[in-house]
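Here is what each chain is made of, one letter per residue.
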Amino acid sequence: DTGVSQDPRHKITKRGQNVTFRCDPISEHNRLYWYRQTLGQGPEFLTYFQNEAQLEKSRLLSDRFSAERPKGSFSTLEIQRTEQGDSAMYLCASSFPSSHNEQFFGPGTRLTVL
Amino acid sequence: AQSVTQLDSHVSVSEGTPVLLRCNYSSSYSPSLFWYVQHPNKGLQLLLKYTSAATLVKGINGFEAEFKKSETSFHLTKPSAHMSDAAEYFCGGGGSYIPTFGRGTSLIVHP
């Protein structure tokens with residue numbers, strides 16, 4: 001499968017625990033995006049990378065959220081000290097640098113915080 | 001800044017009848033608009049995008065959308081619905097910076 005993959009697909013954690021999600025983009029894509037999607041809403045932009053550079057992170061929901069893409073390939077999204085309000089689907093997408101709009105999305109990681 | 005509004009949270013049609021999913025945009029400049037579809041347990045898939053080359057944009061699976069500046073709309077249509085079209089549809093925009101999505105419209109197709 002040469003699409004965007006995300007791991008894990010589901011994560012259940014207790015409030016206060018840290019969680020980390022991984023995204024593997026399509027290999028030729030330089031840009032990688034993270035979104036959050038809650039029930040009944042569209043994807044909400046969090047951050048994006050071009051290669052290893054994080055070009056926009058002001059939309060990360062709080063300082064508990066951080067993302068990395070150390071080698072310009074896969075990326076991780078970490079949420080520290082999880083709260084019940086963090087329960088959502090976390091989506092990753094990738095694209096060529098020429099167009100933000102043609103993003104290819106992964107299946108998402110569903111986070112449940114108990 | 002650019003934003004979009006999807007006017008219907010749910011649209012219900014019978015198989016074989018036309019589909020209309022409505023989206024309005026607000027933008028202080030020439031917008032960049034798109035439609036994505038999300039089937040259950042699948043990633044979002046791009047249906048089509050508006051790039052200002054043509055106001056009528058054709059996408060995959062028989063969908064198309066017309067950019068109407070006078071109405072600030074970018075509605076998605078399909079002449080004949082198929083059962084496999086049942087999914088969540090997202091209108092969005094955001095040319096070179098932060099992409100924004102609408103809240104989604106759930107398309108229900110009855111046999």
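As a reminder, the structure under discussion sits directly above these lines.
Residues numbered from 1 in each chain as written. Chains lettered and ligands numbered in written order. Predicted model: local features only at pLDDT ≥ 70, side-chain atom pairs only at ≥ 80, totals over all residues. Heavy atoms only, no water.

### Concerning the overall build of chain A
Just so we agree on the cut-off: By the criteria applied, helices consist of DSSP H or I runs no shorter than four residues and strands consist of E runs no shorter than two, each listed in order from the N terminus. Put simply, the radius of gyration uses C-alpha atoms, and a globule should come to 2.2 Å times the residue count raised to 0.38. Each residue is assigned to one of three classes by its accessible area relative to the maximum for its type, calculated with a 1.4 Å probe on protein chains only: buried under 20%, partly exposed between the two thresholds, exposed over 50%. Two residues qualify as a contact provided that any one of their heavy atoms is within 4.5 Å of a heavy atom in the partner residue. Using the Shrake-Rupley algorithm and a 1.4 Å probe, accessible areas are obtained, with residue cover drawn only from the displayed protein chains.
Secondary structure assignment for chain A yields zero helices and eleven strands. Secondary structure elements of chain A occur, N-terminal to C-terminal, as β-β-β-β-β-β-β-β-β-β-β. Scaling as 2.2 N^0.38, a compact globule of 114 residues should have a C-alpha radius of gyration of about 13 Å, and chain A matches this with 13 Å. Across its three principal directions, the C-alpha atoms of chain A cover 40 × 25 × 25 Å. Across the 114 residues in chain A, those meeting the buried criterion constitute 46%. For chain A, contacts bridging at least 24 residues in sequence account for 54% of all contacts bridging at least 6. Carbon and sulfur atoms form 45% of the exposed surface of chain A, whose accessible area is close to 5700 Å².

### Section: the interface of chain A and chain B
So the rule is basically this: The quantity reported as buried area is the accessible area (1.4 Å probe) lost by two parts once they are put together, taken as the sum for both. Note on definitions: salt bridges are taken to be side-chain nitrogens of Lys or Arg within 4 Å of carboxyl oxygens of Asp or Glu. Polarity classes work like this: nonpolar for Ala, Val, Leu, Ile, Met, Phe, Trp, Tyr, Cys and Pro, charged for Asp, Glu, Lys and Arg, and polar for all others, with Gly in that last group.
Contacts between the two partners involve 19 residues from chain A and, on the opposite side, 20 residues from chain B. Between chain A and chain B, a total of about 1700 Å² is buried, with carbon and sulfur atoms accounting for 51% of that surface. Joining chain A to chain B, the criterion identifies one salt bridge. With a shortest N-O distance of 2.7 Å, Lys49(B) and Glu102(A) are connected by a salt bridge. Residues of the side of chain A that touches chain B, tallied by class, amount to six nonpolar, nine polar and four charged.

### Regarding the layout of surface pockets
Formally: Points on a 1 Å grid, built from protein atoms alone, make a cavity when a 1.4 Å probe fits but cannot get out and make a pocket when they are open with protein on both sides within 12 Å along at least 5 of 7 lines; residues with an atom within 4 Å of a point are the lining residues. Grid points are joined across faces, edges and corners, and a volume is the space filled by probe spheres set on the points.
Roughly 590 Å³ of internal volume is contained in the largest pocket. Around the largest pocket, the lining comprises 27 residues; the ones closest to its centre are Gln37(A), Leu39(A), Met89(A), Arg110(A) and Gln38(B). Secondary-structure elements contributing two or more residues to the lining of the largest pocket are strand E9 (88–95) and strand E11 (109–113) of chain A together with strand E10 (87–93) and strand E12 (105–110) of chain B. Taken together, the residues of the lining of the largest pocket break down into eleven nonpolar, eleven polar and five charged.

### So, the sheet that holds strand E7 (residues 65–68) of chain A
All names here are of chain A. Quick reminder of the rule: By the convention used here, strands pair only if DSSP detects at least 2 bridges between them. Axes here refer to lines fitted to C-alpha atoms; in helices the fit is confined to the stretch in contact. Angles between the N-to-C directions go from 0 to 180 degrees.
Taken in spatial order, the four strands line up as E1-E3-E8-E7 in an open sheet, and their pairing is antiparallel. Where the open sheet ends on each side, the last strands, each with one partner, are strand E1 (5–7) and E7. Direction aside, neighbouring strands of the sheet carry axes that sit 15 degrees apart on average. Across five bridges, strand E3 (residues 19–24) lies against strand E8 (residues 75–79) in antiparallel orientation. Along E8, the bridge assignment pairs Arg22 with Thr76.

### Comments concerning the nonpolar core
Spelled out, the test is: Nonpolar core, defined: a set of buried Ala, Val, Leu, Ile, Met, Phe, Trp, Tyr and Cys residues in which side-chain atoms within 4.5 Å join the residues together.
Judged by nonpolar contacts, the single largest core of 25 residues is most densely connected at Trp35(B), Phe74(B), Leu76(B) and Tyr89(B). The residues contacting Leu76(B), other than those within four sequence positions of it, are Val19(B), Leu20(B), Leu21(B), Trp35(B), Leu47(B), Leu48(B), Phe63(B), Glu64(B), Ala65(B) and Tyr89(B).

### Quick word on the packing of aromatic side chains
The cut-off we apply is this: Two aromatic rings from Phe, Tyr or Trp, using only the six-membered ring of Trp, form a pair when their centres are within 6.5 Å; if the ring planes differ by under 30 degrees the pair is stacked, by over 60 it is edge-to-face, and anything between is tilted.
Evaluation of the coordinates by the stated rule reveals 17 aromatic pairs over all chains. Ring centres of Phe45(A) and Tyr48(A) lie 6.2 Å apart, and the angle between their planes is 55 degrees; on these two criteria the pair is classed as tilted. For the residue pair Phe45(A) and Tyr48(A), the accessibility class agrees, reading buried in each case. Between Phe105(A) and Phe101(B), the ring centres sit 6.1 Å apart and the planes meet at 80 degrees, which makes this aromatic pair edge-to-face.

### Here we look at the pattern of salt bridges
Where charged atoms of side chains with opposite charge meet at close range, the side chains can pair. Residue and element names in this part refer to chain A. The full count for this structure, using the stated rule, is eight salt bridges over all chains. For the salt bridge of Asp86 with Arg64, the shortest nitrogen-to-oxygen distance reads 2.8 Å. Of this pair, Asp86 sits in the loop between E8 and E9 while Arg64 sits in the loop between strand E6 (53–56) and E7; the two residues are 22 residues apart in sequence, bridging distant segments of the chain. Judged by relative accessible area, Asp86 falls into the buried class, the value being 4%.

### Re the state of the cysteines
Two cysteines, two sulfur atoms, one covalent bond between them: this is a disulfide. All names here are of chain A. Put simply, the test is: Any cysteine sulfur atom paired with another within 2.5 Å is treated as part of a disulfide.
Overall, the coordinates contain two disulfides over all chains when judged by the stated rule. With a sulfur-sulfur separation of 1.8 Å, Cys23 is cross-linked through a disulfide to Cys92. The S-S bond linking Cys23 to Cys92 shows a torsion near -65 degrees; that makes this disulfide left-handed. Separated by 69 residues along the polypeptide, Cys23 in strand E3 and Cys92 in strand E9 bring together distant segments of the chain. There is no split in this pair, since Cys23 and Cys92 are both buried.

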